[in-house]
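# Structural overview for review
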Amino acid sequence: MSFLVVTISSAVLIAAVLGFSLLRARKSREPAAAYDMRVYREQLASVDKDLARGVISEADADRVRTEISRRILAADAQMQTASQETGPPRWASLAAFSIVALVVVGGAIVMYQQIGAAGRPDMPLTLRVERAETLRAERPSQAEAEAATPPAQLPQLDENYANLLNQLRETVAERPDDLQGHILLAQHEANAGNFPAAYKAQQRVIELSGEAAPADAYSYMAEMMILSAGGYVSPEAEEALRQTLSRDPRNGPAQYYLGQMMVQVGRPDIGYRIWVDALRNAPAGAPWADAIREQLDELAFRAGVFNAPDIPVASGPSQDDIDAAAELSSEERQEMILGMVNQLSDRLATEGGPPQDWARLIAALGVLGEGQRAIEIKNEAMDVFAGDADALKIIDAAAFQAGIAQ
């Protein structure tokens, strides 16, 4: 309320100042005729001085005085005319003041009602960060989130598939230490839309795997938890994501969900940075990368970023290309891969690209056995990214992978 009072008082004060300027008697500028009269009087005095010194004759002095006097009379007439001119009528000034007051004061009130927040306390950045940390620490658990989430409508399963799934459940229940059984159960429960059962089976997979559990196992469990909670990232799901990234710092799905969690707890700035880092290393055709790109502009706005970097879409074979290649013969597959490599090489030669694309080309040429061409591409990339230490590290790593490090 105090802020509202100060805002309206400021608007009233501004309107009063503007109204005073409109209603007060205007002091007009000095007319040009007044300046002319001062000049003419100085000229008259100069004539008398010149006559006393004998510079001009009496006849010339009279003629000059007459001319200057005529000009003084004309200037005086102009001043009299200017003094008779009046400003706008008083009713016009009052109307203008009323309009100004209505626009300034009324506009301030209407604008505050539209975009203001009466009664809300100040929200400095430090307080927002503290509240975000409190929200993150006190947010609901996985069980609480699942209880608050409406049950999902499960798809209608084929009768044979449903019978097999029931048999799998019974078998796994009888053999709780069967790792492969729990892996299959987690996959098929997810296929059936039963995400809570899927993440619980995956949790058992991780327990049975111990320290050997890969990053994808944790990432899959976190995703099932998040789907079970309707998109909410619980503390338990966050821990699974952290375990994923500790094993694979560039795991795309984990980065996507971790960034989503940061947005949920009020830290879009951190979420934006996580998503940008994920996009820089995203493979071609990654569905999570497409989801990030669709939401990145809005997240950048919420994070206060107005010059978002333009991250190009990674080139390379998509999942559809990989599936199609599996149906080809070895000769056809080799020819297809060579064609894709040549397309990438042509694009980099004409349009350029990020260091990741150059590294991908170098590694692919090494796999194809074209070592000399890989060396030439590497040398060209070193020239392109000269002075960029991070890019050169990526190129060197690709050269090592291709066997041309020397």
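Residues numbered from 1 in each chain as written. Predicted model: local features only at pLDDT ≥ 70, side-chain atom pairs only at ≥ 80, totals over all residues. Heavy atoms only, no water.

## Quick look at the overall build of the protein
For the protein, the count of helices and strands is 19 helices and zero strands. In the protein, 61% of the contacts between residues at least 6 apart in sequence involve partners at least 24 apart. Of the roughly 25,600 Å² that the protein leaves accessible, carbon and sulfur atoms contribute 56%. (Helix = DSSP H or I, 4+ residues; strand = E, 2+ residues; numbered from the N terminus. Contact = heavy atoms within 4.5 Å. Areas by Shrake-Rupley, 256 points an atom, 1.4 Å probe, with all protein chains shown as cover.)

## What to know about the environment of Met37
As for its placement among the helices and strands, Met37 is situated in helix α2 (residues 32-53). Residue class for Met37 comes out buried when judged on its relative accessible area of 7%. In the structure, Met37 is positioned 38 residues away from Ala75 in sequence and 6.3 Å away in space, judged by C-alpha atoms. In this view, Met37 contacts Ile72, Ala75, Asp76 and Met79; residues no more than four positions away in its chain are not counted. (Buried < 20%, exposed > 50% of the residue type's maximum accessible area, 1.4 Å probe, protein only.)

## Here we look at the confidence of the model for the protein
Confidence along the protein averages 82 in pLDDT terms, with 86% of residues attaining 70 or more. Per-element mean pLDDT across the protein ranges from 57 in helix α15 (residues 319-325) up to 95 in helix α11 (residues 235-247). (pLDDT = per-residue confidence, 0-100.)

## Here's the deal with the packing of aromatic side chains
Within the structure shown, the criterion is met by three aromatic pairs. Seen in terms of ring centroids, Tyr256 and Tyr257 are 5.1 Å apart; in terms of plane orientation they differ by 65°. Their pairing is edge-to-face. Like Tyr257, Tyr256 is buried. Among the aromatic residues, those joined into a cluster by ring pairs are Tyr256, Tyr257 and Trp275. (Phe/Tyr/Trp six-rings, centres within 6.5 Å; stacked < 30°, edge-to-face > 60°.)

## Some points on the nonpolar core
If you look at the biggest cluster of nonpolar residues, it comprises 42 residues, and the most contacted ones within it are Met221, Leu241, Tyr256, Trp275, Trp288, Ile292 and Leu296. Looking at this core, the elements with two or more residues in it are α9 (195-209), α10 (215-228), α11, α12 (252-264), α13 (268-280) and α14 (287-302). With near-sequence residues (within four places) excluded, Trp275 lies in contact with Gln255, Tyr256, Gly259, Gln260, Ile292, Gln295, Leu296 and Leu299. Counting residues in each nonpolar core, the second largest holds 20 residues, with Leu348, Ala374, Ala391 and Ile395 among its members. (Core = buried A, V, L, I, M, F, W, Y, C linked by side-chain atoms within 4.5 Å.)

## Some points on α2
Here α2 spans 32 Å end to end across 22 residues, near enough to the 32 Å set by a 1.5 Å rise per residue. Buried within α2 we find Ala33, Ala34, Met37, Tyr40 and Val47. Buried residues of α2, seen end-on, are gathered within an arc of 125° and therefore sit on one face of the element. Exposed residues lying more than 90 degrees from the buried face of α2 are Ala32, Glu42, Lys49, Ala52 and Arg53. (Expected span 1.5 Å × (residues − 1). Arc of directions from axis to C-beta.)

## Considerations on the pattern of salt bridges
Where side chains of opposite charge bring their charged atoms close, a pairing between them can arise. According to the stated counting rule, one finds 18 salt bridges in the structure shown. Residue Asp62 is joined to Arg65 by a salt bridge in which the shortest nitrogen-to-oxygen separation is 2.9 Å. With a gap of three residues between them, Asp62 and Arg65 both fall in helix α3 (residues 58-84), about one helical turn apart. Overall, Asp62 belongs to the partly exposed group, its relative accessible area being 36%. By sharing partners, the salt bridges in this structure join Arg136, Arg139, Glu238 and Arg242 into a single network. (Salt bridge = Lys/Arg side-chain N within 4 Å of Asp/Glu carboxyl O.)

## Regarding the packing of α12 against α14
Packed helices, taken two at a time, are described by their axes: the angle between them and the distance between them. Packing of α12 against α14 brings their axes to within 11 Å, and their N-to-C directions diverge by 25°. Considering their axes alone, α12 and α14 lie roughly parallel with respect to each other. Judged by the sense of rotation from one axis to the other, the crossing of α12 with α14 is left-handed. Along the contact surface, α12 presents Gly252, Pro253, Tyr256 and Val263, while α14 presents Trp288, Ala291, Ile292, Gln295, Leu299 and Arg302. Tallied by class, the residues present in the contact of α12 with α14 amount to seven nonpolar, two polar and one charged. (Axes fitted to C-alpha atoms, helices over the stretch in contact; angles between N-to-C directions. Parallel < 35°, antiparallel > 145°, perpendicular 65-115°, else oblique. Left-handed = near helix turned anticlockwise from the far one by under 90°. Nonpolar A, V, L, I, M, F, W, Y, C, P; charged D, E, K, R; others polar.)

## Re the environment of Thr171
Along the chain, the position of Thr171 falls in helix α7 (residues 159-174). Classification of Thr171 as partly exposed rests on a relative accessible area of 34%.

## A look at the side chain of Thr244
Among the secondary structure elements, Thr244 is positioned in helix α11. From its side chain, Thr244 meets the backbone nitrogen of Ser219 in a polar contact 3.0 Å long. Setting aside its immediate chain neighbours within four residues, Thr244 contacts Ala215, Tyr218, Ser219, Asn251 and Ala254. (Polar contact = N/O pair within 3.5 Å; in protein donor to acceptor, adjacent residues only side chain to side chain.)

## Regarding the packing of α10 against α11
Between α10 and α11, the shortest axis-to-axis distance is 8 Å and the interhelical angle comes to 160°. For the element pair α10 / α11, the angle class is roughly antiparallel. Read as a crossing pair, α10 and α11 show a hand that is left-handed. Between α10 and α11, the residues in contact are Ala215, Tyr218, Ser219, Met221, Ala222, Met225 and Ile226 and Glu236, Ala237, Ala240, Leu241, Gln243, Thr244 and Arg247, respectively. The residue makeup of the contact of α10 with α11, split by class, is nine nonpolar, three polar and two charged.

## Re the side chain of Ser345
The residue Ser345 is located in helix α16 (residues 330-350) in this model. Ignoring anything within four residues of it in the chain, the contact list for Ser345 reads Leu361, Arg373 and Ile377.

## Focus: helix α8 (residues 179-191)
The end-to-end C-alpha distance of α8 is 19 Å, a good match for the 18 Å that 13 residues give at a rise of 1.5 Å each. By the burial criterion, the buried members of α8 are Gly181, His182, Leu185, Ala186, Glu189 and Ala190. Down the axis of α8, the buried set is contained in an arc of 160°. They therefore lie on one face. Turning to α8, the residues buried within the fold contact α7, α9 and α10. At the N-terminal end of α8, a side-chain oxygen is found 3.3 Å from the backbone nitrogen of Gln180, two or three residues along, and the residue is Asp178. The first or second residue beyond α8 is Gly193, which carries a positive phi of 80°.

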